[in-house]
Amino acid sequence: MSTKSVYHSTLTQLLHLFIAAAVVHQLIISLVMKHPERGSPGDAYFELHEWVGIASLAALTVFFLWAVVRRGETNLGMLFPWFSGKRLRAFWMDLKSHLSSLKAGRIPLTQESPLASAVHGVGLLLALVMATSGAAGYFIATARPLLSIHETVAPLMWAYLVGHAGLAVLHQLAGHRIFQSMFGFRAAARTEQDSLAGK
């Protein structure tokens, strides 16, 4: 069993933390907020939902721009392998390998494997669709029909959040140090300092 942590830069960790917190916030607050009705605006929770949604879209935009230029971390091709025959073959092979491991009672460490990266890409895409459709409906009156997409994707985002968090906990319990890898800011800072120093 491997316990080696995958490198994530401080910026990647901060963006992941903010996006994760924003998604959790948005899903939970959507359960209690009051939507606007004819002649009646939404309540304070709804207004907060709107502002956090705009901030989420900004964070997602920064993340995707960062994913294009960063080095030594998961690239966009790994997150979205669907347009490359080579990456798709790697994805299916990795999926088969995972299924074999699970049948044997093992939980493989796969933070940057083709399967794990593609799953992360699905989560990012769901968050982007929700943030974009919500912001479009907020800023552009003629784009209000996009809010139906926003509401349709919400259950998928709930399912992804529960599944993603649950698998992360299982990996952590299996000794894979998932949380230290993604949220170990000091370790990331030391790695970046060593890289700058040429170590």
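So, here is what we can say about the structure in this document. Given the structure is predicted, the values throughout are model-derived calculations rather than measurements. (Residues numbered from 1 in each chain as written. Predicted model: local features only at pLDDT ≥ 70, side-chain atom pairs only at ≥ 80, totals over all residues. Heavy atoms only, no water.)

Check the secondary structure of the chain and you find eight helices and zero strands. Reading the chain from its N terminus to its C terminus gives the helix and strand order α-α-α-α-α-α-α-α. Among the 199 residues that make up the chain, the fraction classed as buried is 33%. Across the chain, contacts joining residues at least 24 apart in sequence account for 66% of those joining residues at least 6 apart. A total of about 12100 Å² of accessible surface is found on the chain, and carbon and sulfur atoms cover 69% of it. (Helix = DSSP H or I, 4+ residues; strand = E, 2+ residues; numbered from the N terminus. Buried < 20%, exposed > 50% of the residue type's maximum accessible area, 1.4 Å probe, protein only. Contact = heavy atoms within 4.5 Å. Areas by Shrake-Rupley, 256 points an atom, 1.4 Å probe, with all protein chains shown as cover.)

Okay, helix H2 (residues 44–69) next. In a regular helix each residue adds 1.5 Å, so 26 residues correspond to 38 Å; H2 covers 38 Å between its end C-alpha atoms and thus fits that length. Of the positions making up H2, those classed as buried are Phe46, His49, Val52, Gly53, Ser56, Ala59, Leu60, Phe63, Phe64 and Ala67. A distance of 3.3 Å separates the backbone nitrogen of Tyr45 from a side-chain oxygen at the start of H2, and that oxygen is part of Asp43. (Expected span 1.5 Å × (residues − 1). Polar contact = N/O pair within 3.5 Å; in protein donor to acceptor, adjacent residues only side chain to side chain.)

Attention shifts here to the packing of aromatic side chains. In this structure the tally under the stated criterion is six aromatic pairs. Arranged with centres 5.8 Å apart and planes meeting at 85°, the rings of Phe63 and Phe64 form a pair that is edge-to-face. Grouping residues by exposure puts Phe63 and Phe64 together as buried. (Phe/Tyr/Trp six-rings, centres within 6.5 Å; stacked < 30°, edge-to-face > 60°.)

A complete count under the given rule lists one salt bridge for this structure. With its nearest N and O atoms 3.8 Å apart, the salt bridge here joins Glu73 to Arg70. Arg70 shares its class with Glu73; the two are buried. (Salt bridge = Lys/Arg side-chain N within 4 Å of Asp/Glu carboxyl O.)

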